[in-house]
Amino acid sequence: MSIHATAIVHRDAELASDVSVGPYSIIESGVQIGSGTEIGPHVVIKPYTTIGRGCRIYQFASIGEIPQDLKFKGEKSYLVIGDNNQIREYVTMNRGTEGGGGITRIGNNNLFMAYAHVAHDCSIGNHAILANAATLAGHIQVADYASIGGLVAIHQFVRVGEHAFIGGKSAVTLDIPPFMLASGDRATLHGVNTTGLSRRGFSDEIVQALKKAYRILFRSGLKLAEAMDKVREELGGIPEIERLLDFLNTSERGITR
């Protein structure tokens with residue numbers, strides 16, 4: 001274990017034997033850090049934070065601080081971070097709240113660029129990207145392979161679907177469907193995220209099916225329920241289409257159109 005002489009690590013913190021901690025970092029009680037994780041200089045990791053294996057946290061990040069929520073009354077809550085996450089300079093991640101289930105949860109293989117913020121009770125999947133100064137309010141769900149551009153602000157309780165892409169400087173107030181491209185203030189849909197899907201190995205047949213579903217759902221003039229029935233009739237059975245329809249069907253906040 002490599003802990004710089006100027007770092008402060010609480011005696012109750014649990015660090016794997018090969019964790020490294022840089023100068024002037026502070027790791028408080030109740031923190032658990034997995035094998036191979038590197039903590040840079042001037043990082044603060046607060047109580048009840050669990051960090052997995054192979055993560056790298058860069059200088060001046062604040063990890064596991066209490067929520068920025070006036071309803072928070074000091075209850076015990078958690079931040080759980082998975083494996084192989086890159087957390088860049090000045091990123092802030094807050095613990096959960098009692099009203100939101102008590103856990104802010106980060107999956108594996110995500111990239112959080114400088115100044116990104118993850119608020120209380122958010123849930124982020126795997127392989128997601130939050131670009132510089134992307135800001136998540138409380139209770140947001142971000143699915144696998146979603147990409148959120150720089151300076152994007154997302155309203156509380158919004159869901160971002162798998163493989164969705166949100167362009168920079170967007171303000172997002174409604175759910176972003178899976179596989180879609182969105183941008184603007186307020187954000188609107190601009191088609192299927194074809195570039196992202198191509199890079200991740202989706203077949204031309206799947207991309208064409210998603211494009212057809214997009215046209216029916218959002219360009220046909222049909223009411224959403226009618227459009228979903230039409231998509232199910234013409235494209236049902238394709239797993240990606242089924243996941244798209246399930247996302248739309250379970251939206252509580254409303255769908256970006």
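Basis of the calculations
Residues numbered from 1 in each chain as written. Predicted model: local features only at pLDDT ≥ 70, side-chain atom pairs only at ≥ 80, totals over all residues. Heavy atoms only, no water. Helix = DSSP H or I, 4+ residues; strand = E, 2+ residues; numbered from the N terminus. Rg over C-alpha atoms; globule rule 2.2 N^0.38 Å. Buried < 20%, exposed > 50% of the residue type's maximum accessible area, 1.4 Å probe, protein only. Contact = heavy atoms within 4.5 Å. Areas by Shrake-Rupley, 256 points an atom, 1.4 Å probe, with all protein chains shown as cover. Lys, Arg positive; Asp, Glu negative; His and termini not counted. Charge placed at Lys NZ, Arg CZ, Asp CG, Glu CD. Pairing = 2+ DSSP bridges. Axes fitted to C-alpha atoms, helices over the stretch in contact; angles between N-to-C directions. Polar contact = N/O pair within 3.5 Å; in protein donor to acceptor, adjacent residues only side chain to side chain.

**Considerations on the overall build of the protein**
- Of regular secondary structure, the protein possesses four helices and 28 strands.
- In terms of C-alpha radius of gyration, the protein reaches 20 Å, essentially the compact-globule figure of 18 Å for 257 residues.
- Along the first, second and third principal axes, the C-alpha set of the protein runs to 65 × 40 × 30 Å.
- The buried share of the protein, taken over its 257 residues, is 49%.
- Contacts in the protein between residues at least 24 apart in sequence constitute 32% of all its contacts with a sequence separation of at least 6.
- Carbon together with sulfur atoms contributes 48% to the accessible area of the protein, which is approximately 11,900 Å² in total.
- With 25 positive and 26 negative side-chain charges, the protein shows a separation of 5 Å between the mean positions of the two kinds.

**Some words on the sheet that holds strand 13 (residues 86-87)**
- Reading across the sheet, the eleven strands line up as 1-4-7-10-13-16-19-22-25-27-28 and stay open at both edges, with mixed pairing between neighbours. This sheet does not close on itself; its edge strands, each paired only once, are strand 1 (2-3) and strand 28 (188-192).
- Note: strand 16 (residues 111-112) against strand 19 (residues 129-130), two bridges, orientation parallel. Counterpart to Leu 111 in the pairing with strand 19 is Ile 129.
- Packing against the sheet, helix 2 (residues 204-218) makes contact with strand 27 (180-183) and strand 28, and its axis sits at approximately 150° to strand 28.

**Digging into the side chain of Thr 49**
- Residue position: Thr 49 is located in strand 9 (residues 49-51).
- At a separation of 3.0 Å, a polar atom in the side chain of Thr 49 contacts the main-chain carbonyl oxygen of Lys 46.
- Those residues within four positions of Thr 49 in sequence are excluded, and the remaining contacts are Gly 30, Val 31, Gln 32, Ile 63, Gly 64 and Leu 79.

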